[in-house]
Amino acid sequence: MTALFYIAAAVAIIATVLVITRSNLVHALLYLVVSLFAVAVVFYTLGAPFVAALEVIVYAGAIMMLFVFAVMLLNVSADAPLRVPRSAWIGPLVLIAVLLAELIYGIGLTNHALHAGEVGPQQVSAALFGPYVLGVELASMLLLAALIGARHIASQPESPGLDEPQPAGEAPDTRANEGGEA
Amino acid sequence: MAAVSLDHGLILAAILFVIGFVGLLTRRNLIVALACIEIMLNAAGLAFVVAGARWGSADGQVMFLFVLAMAAAEVAVGLALAIRFRQSLGRLDVDDADEMKG
């Protein structure tokens, strides 16, 4: 299990580096799927099989499906790739290296061993619908709000569109918004 | 199974978070920026799960589920914004976002 953890961690780090360095968007997204699968293996080796399954189903399945659909909808592959000059990487890399060193120093090499044995779906569900049931309700409201918001933002604007300003004195449109004031 | 130390899990989470942060700072494509935010959220969730595994507690996994729900909500709204952005500007360059003005 220990070797499995380190191999999966190495795969996750390499795949994530490839995500942010590929200029082809589809390749970057596929490397992101590899990275998420590797993190799922890490979860499994940490004794969290339920979360590992959810990582595969929700992250690698649903969320990456959204990304791939957005890429296909927008036909982004036809664009010229947005090249970043190499000099643009230097500043963030230096600052982030300092930040990472501070994080590792702050974590400290104290060598606490993890708890042996796994925490299965039964215990997670008992906690989720016991003390955390309010959080579940809030998450459901958040998802509903995101659904409505995404539907509203992505829908085509009716004429006149959002891009050109509405002429003054225009009759209010049928969308029942703020009463004709564009 | 207990031989993995807490620090190594947390360091893995820190490295993944930092890689996502570098990508967010340097890449100009809006969809890659959203993917980098996903990487950072996933790393934060990994830190929760590692900390929960330290004491054999389910709380870390519960927090990961909340992070997961929030990531799904965030990516839905973010990709909807990307679609509108592309329809109105014709590109996906985050540097063009200063032209939106409402």
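Note that the structure is a prediction, hence the values are computed from the model and not measured.

Rules of the game
Residues numbered from 1 in each chain as written. Chains lettered and ligands numbered in written order. Predicted model: local features only at pLDDT ≥ 70, side-chain atom pairs only at ≥ 80, totals over all residues. Heavy atoms only, no water. Helix = DSSP H or I, 4+ residues; strand = E, 2+ residues; numbered from the N terminus. Rg over C-alpha atoms; globule rule 2.2 N^0.38 Å. Buried < 20%, exposed > 50% of the residue type's maximum accessible area, 1.4 Å probe, protein only. Contact = heavy atoms within 4.5 Å. Areas by Shrake-Rupley, 256 points an atom, 1.4 Å probe, with all protein chains shown as cover. Buried area = accessible area lost by both parts, 1.4 Å probe. Salt bridge = Lys/Arg side-chain N within 4 Å of Asp/Glu carboxyl O. Polar contact = N/O pair within 3.5 Å; in protein donor to acceptor, adjacent residues only side chain to side chain. Nonpolar A, V, L, I, M, F, W, Y, C, P; charged D, E, K, R; others polar. Domains from an automatic or database assignment. Phe/Tyr/Trp six-rings, centres within 6.5 Å; stacked < 30°, edge-to-face > 60°. Core = buried A, V, L, I, M, F, W, Y, C linked by side-chain atoms within 4.5 Å. pLDDT = per-residue confidence, 0-100. 1 Å grid on protein atoms, 1.4 Å probe; cavity = no way out; pocket = protein on both sides within 12 Å on 5 of 7 lines; lining within 4 Å. Points joined across faces, edges and corners; volume = space filled by probe spheres on them.

A. Just the overall build of chain B, in detail. Assigned secondary structure in chain B consists of 3 helices and 0 strands. For chain B, the α and β elements follow one another from N to C terminus as α-α-α. In terms of overall size, chain B is more extended than a compact globule, its C-alpha atoms giving a radius of gyration of 17 Å where 102 residues would be expected to give roughly 13 Å. Oriented by its inertia axes, the alpha-carbon framework of chain B measures out at about 55 × 25 × 20 Å.

B. Up close: the overall build of chain A. What chain A contains, in helices and strands, is 6 helices and 0 strands. Of all 182 residues assigned to chain A, the portion counted as buried reaches 30%. Considering only intrachain contacts with a sequence separation of at least 6, the fraction spanning at least 24 residues in chain A is 54%. For chain A, the computed accessible surface area is about 11000 Å², with 69% contributed by carbon and sulfur atoms.

C. Examining the interface of chain B and chain A more closely. With 71 residues of chain B at the contact, the number on the chain A side is 84 residues. A buried area of about 7100 Å², summed over both sides, lies between chain B and chain A, and 77% of it is on carbon and sulfur atoms. Run the count over chain B and chain A and you get 0 salt bridges. On the surface where chain B and chain A come into contact, there are 7 residue pairs in polar contact (both at pLDDT 80 or more). Where the side of chain B that touches chain A is concerned, the elements lending two or more residues are helix H1 (6-26), helix H2 (30-54) and helix H3 (59-89) of chain B. Its residues assigned to classes, the side of chain B that touches chain A comprises 49 nonpolar, 12 polar and 10 charged.

D. Molecular detail of the side chain of Gln61(B). Position of Gln61(B) among the secondary structure elements: in helix H3. For Gln61(B), a relative accessible area of 4% corresponds to the buried category. Leaving out residues up to four positions away in the same chain, Gln61(B) has contacts with Gly47(A), Ala48(A), Phe50(A), Val51(A), Val119(A) and Val124(A).

E. Region of the structure containing the domain arrangement of chain A. Domain boundaries assigned for chain A yield domain 1 (1-77 + 88-117) and domain 2 (120-153). The gap between the C-alpha centroids of domain 1 of chain A and domain 2 of chain A is 23 Å.

F. Up close: the packing of aromatic side chains. As enumerated under the stated definition, the model contains 4 aromatic pairs over all chains in all. Where Tyr132(A) meets Phe66(B), the ring centres are 6.3 Å apart and the plane angle is 65°; that geometry is what we call edge-to-face. Residue Tyr132(A) is found in the loop between helix H5 (121-128) and helix H6 (133-154), and its partner Phe66(B) is found in helix H3; the two belong to separate chains. Arranged with centres 6.4 Å apart and planes meeting at 55°, the rings of Phe17(B) and Phe21(B) form a pair that is tilted. Of this pair, Phe17(B) and Phe21(B) both sit in helix H1, 4 residues apart, roughly one helical turn. Exposure remark for Phe17(B): the relative accessible area of 30% places this residue in the partly exposed category.

G. Spotlight on the nonpolar core. In this structure, Phe43(A), Leu46(A), Tyr59(A), Phe67(A), Ile31(B), Leu46(B) and Leu92(B) are the most contacted members of the largest nonpolar core, which totals 76 residues. Leaving out residues up to four positions away in the same chain, Phe67(A) has contacts with Leu29(A), Ile31(B), Leu34(B), Ala35(B), Glu38(B), Val75(B) and Leu79(B).

H. Layout of the confidence of the model for chain B. Residue and element names in this part refer to chain B. When pLDDT is averaged along chain B, the result is 87; 94% of the residues meet or exceed 70. Ranking the helices and strands of chain B by mean pLDDT puts H2 first, with 92, and H3 last, with 90. If you check the scores for this complex, the pTM reads 0.84 and the ipTM reads 0.90.

I. Spatial organisation of empty space enclosed by the protein. Under the defined criterion, the tally for this structure stands at 2 cavities of 30 Å³ or more. Counted as a void, the largest cavity has a volume near 60 Å³. Lining of the largest cavity is provided by 12 residues; of these, Leu46(A), Gly47(A), Val119(A), Ala53(B) and Gln61(B) occupy positions nearest its centre. Tallied by class, the residues present in the lining of the largest cavity amount to 5 nonpolar, 7 polar and no charged.

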